[in-house]
Number of protein chains: 2
Amino acid sequence: MGDKLTKLQEEHMASFAPLSRVVVTGGTHGDELAGVYLVQKGLVKQPEFLHRETFTAQAIVANPEASRKSCRFVDTDLNRCFTFESLSSSTANSSSYEIRRAKELNHLLGPKGSNEAVDFICDLHTTTANMGTCIIVDSEKDYLSCQAAHYLKEVSTHPCRILLMKSGTPTFSMMSLAKHYLTLEIGPAPHGVIRADIYNTMKMLVGHLLDFIDQFNKGQEFPAFNMDCFQIERKFDYPRDEEGQLTACIHPKLQDSDFKPLFQGDPIFQSFVSEDSICYEAQDPICPIFINEASYYSKGIAFWGTKIQTFEIASIKVSI
Amino acid sequence: MGDKLTKLQEEHMASFAPLSRVVVTGGTHGDELAGVYLVQKGLVKQPEFLHRETFTAQAIVANPEASRKSCRFVDTDLNRCFTFESLSSSTANSSSYEIRRAKELNHLLGPKGSNEAVDFICDLHTTTANMGTCIIVDSEKDYLSCQAAHYLKEVSTHPCRILLMKSGTPTFSMMSLAKHYLTLEIGPAPHGVIRADIYNTMKMLVGHLLDFIDQFNKGQEFPAFNMDCFQIERKFDYPRDEEGQLTACIHPKLQDSDFKPLFQGDPIFQSFVSEDSICYEAQDPICPIFINEASYYSKGIAFWGTKIQTFEIASIKVSI
């Protein structure tokens, strides 16, 4: 039995070079203040916190101009600027601050997809939705990032959930500059507000993540496991009138119920005029997340529907 | 005994002409969406909700441009533009959108301080602070507004608190255009987010307020009472560095504790770097409110300190 397990683990073993260039980014959205302040005050001013035996992480404010103004972005959402197409286009003198900044970050931390790119980015976000402590990974095939997310979930004193973006879709996020990456997404917090509880949770998780990378670099093997996560299926928009204005808002029973399963007939919206409920019609239950996130109104998203999925994540160890 | 009470009430009787011009305003701050949507969707599209036997109220979006953009203001805070000085200045072509709009509203609903001004304005606000349902009145000498606040507190199914602005300070708020006025201030809600629970509470209270005014107009006498309220004493700013940047945030123990008494030695801030607590030093306890309101960072306010006070409010009835 022991032999069989070992054999299975060996079959699922992935190895990676040591992670020497590790970056913690805040202020990718300038009004998500926990990340902004954690980078500017809690990390840059405490270099010892970023130091481990095998590496010293770097802390960067991704969108300094938006962070200074405490707004999400200046011209366009920085976290949607990192497609290969956009980064390779000849728009060095683009009129968009964020497109210029994306190219600058690509130069600093990338180039995206190359061997020169940094090894790991941890990007810090907050949300107005009741997401609790959520770790977002882009792909179940990035074993190292999934192992990092699993480690954080295990060591954290707070309940953590892992969110998996829809596989196979192009990644346009800032953190996709790195070889491996994850997002800490914590809520609820209003944009433009720094809450100490979220700041403290974020700082604790960043510390644990750096420990994980240090242990990995030192040769610790992280065994294979089955990763239970919420995987994004599709978005749901608000009911809107012909001018695109909302005609209903999130129903009180759905508000703050992120990750809880939604069944056919459950109310999802409340109409402004009649106060009638609009219900979830599909037979197939889903788990809504990012319910009533402020910045999603303009993106046509009231919430995302997710499904609970399980993926086999291979064991990992450092290659020598 | 009965005679004595009656005599006392007669001595404290105030009478006012019927209130025929009543206005409900939302979107004075364009990112406080409960008020914006309640006016635009819940009231303007439901004229029957605004109709009473003795009057029909008008619903107005105070700052349409900021509301359209879902931001607090375009050029300057509209709710600080209503001083006599500013309204009477010859800046009809001011480059500030809000100053132009203030003059427009003064023309529409004022002139402030004149007999032609509307009788009552109820202004709808939300806050990122955990203020619950709060009714703000400007002066304990405006018996009619205090009676309205008391009525709402009594009939509401939610616990309500009355907040009294510091007496004797000049009023610059939008609602000060009217002869009598109050603010509904409900939280916590992130700016840029519409929460159905707050929308519903706001709508219920507006309905009750219109009932109160209708009953008053019909001759109902509202007896004298002792008004327990929180009165603003002074503001507290965040600890800041020489560039004005925060060096600490609201302490987790103070966060969300609006209206609860703060005693000497209680922690109020948490330093970003050391995570040390900074404590309340004064001997005199205060009750903090508007703790960690997003829009107050730039105004140098971490929270307001209030004291519980009691004022005798005279009975009121309509003059014929």
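For the structure, check the block above.
The structure presented is a predicted model; accordingly, all values stated were derived computationally and were not measured. (Residues numbered from 1 in each chain as written. Chains lettered and ligands numbered in written order. Predicted model: local features only at pLDDT ≥ 70, side-chain atom pairs only at ≥ 80, totals over all residues. Heavy atoms only, no water.)

Just to check I follow, could you spell out the sheet that holds strand β7 (residues 132–137) of chain A for this structure?
The strands making up a sheet are joined through hydrogen bonds of the backbone, oriented either antiparallel or parallel. Residue and element names in this part refer to chain A. The strand order β5-β2-β6-β9-β7-β8-β10-β15-β14 describes an open sheet built from nine strands, whose pairing is mixed. The sheet terminates laterally at β5 (58–61) and β14 (287–289), the two strands that pair on one side only. Taking the axes of each pair of neighbouring strands and ignoring which way they run, one obtains an average angle of 35 degrees across the sheet. Pairing analysis gives four bridges linking strand β2 (residues 22–26) to strand β6 (residues 120–126), with the strands arranged parallel. The partner of Thr25 across the bridge, within β6, is Asp123. Sheet strands in contact with helix α2 (residues 33–43) are β2, β5 and β6, and its direction is about 125 degrees off that of β2. (Pairing = 2+ DSSP bridges. Helix = DSSP H or I, 4+ residues; strand = E, 2+ residues; numbered from the N terminus. Axes fitted to C-alpha atoms, helices over the stretch in contact; angles between N-to-C directions. Contact = heavy atoms within 4.5 Å.)

Please explain the relation of the copies chain B and chain A as it appears in this structure.
Here the two chain copies are tied together by a rotation about an axis and a shift along that axis. Under the fitted operation, chain B is carried onto chain A by 0.0 Å of movement along the axis and a turn of 180 degrees, and the coordinates agree to an RMSD of 0.0 Å. Taken together, the rotation and translation relating the two chain copies correspond to the operation of a two-fold axis. Nearest to the rotation axis, the C-alpha of Pro190(B) is located 2.2 Å from it, this being the minimum over chain B. Interface residue correspondence from chain B to chain A reaches 100%, placing this contact among same-surface, isologous pairings. (Least-squares fit on C-alpha atoms with pLDDT ≥ 70 in both.)

What am I meant to see in the interface of chain B and chain A here?
Where interface size is given, it is often the accessible area lost as the parts come together that is meant. With 32 residues of chain B at the contact, the number on the chain A side is 32 residues. Carbon and sulfur atoms make up 54% of the area that chain B and chain A hide from each other, which totals about 2,800 Å². By the criterion of area lost to chain A, the three top residues of chain B are Lys41(B), Phe272(B) and Val273(B), representing 20% of everything that side buries. Counting across the interface, chain B meets chain A through six salt bridges. Between Asp241(A) and Lys41(B) there is a salt bridge, with the nearest N and O atoms lying 3.5 Å from each other. Between the two partners, chain B and chain A, sit 18 residue pairs in polar contact (both at pLDDT 80 or more). Listed by contribution, the elements that provide at least two residues to the side of chain B that touches chain A are α2 (33–43), α8 (196–217) and β11 (248–250) of chain B. Broken down by class, the residue content of the side of chain B that touches chain A amounts to 15 nonpolar, ten polar and seven charged. (Buried area = accessible area lost by both parts, 1.4 Å probe. Salt bridge = Lys/Arg side-chain N within 4 Å of Asp/Glu carboxyl O. Polar contact = N/O pair within 3.5 Å; in protein donor to acceptor, adjacent residues only side chain to side chain. Nonpolar A, V, L, I, M, F, W, Y, C, P; charged D, E, K, R; others polar.)

Would you explain the packing of aromatic side chains in this entry?
In this description, an aromatic ring pair is defined by two values, namely the gap between the centres and the angle between the planes. Residue and element names in this part refer to chain A. Scanning the model with the defined rule gives 24 aromatic pairs over all chains in all. The rings of Phe236, Tyr238, Phe269, Tyr280, Tyr297 and Phe303 are connected pair by pair, giving a single aromatic cluster. The ring of Phe49 has Lys203 sitting right over it, with the charged end atom 5.1 Å from the ring centre. (Phe/Tyr/Trp six-rings, centres within 6.5 Å; stacked < 30°, edge-to-face > 60°. Lys NZ or Arg CZ within 6 Å of the ring centre and 35° of its normal.)

Before we go on, may I ask you to explain the sheet that holds strand β12 (residues 267–271) of chain B in this structure?
All names here are of chain B. The strand order β11-β12-β13 describes an open sheet built from three strands, whose pairing is antiparallel. Sheet topology places β11 and β13 (277–279) at the edges, where each strand pairs with a single neighbour. For this sheet, the mean angle separating the axes of adjacent strands, direction not counted, is 35 degrees. Bridge analysis of β11 against β12 gives three bridges, and the strand direction is antiparallel. Bridging across to β12, Ile250 finds its partner in Phe269.

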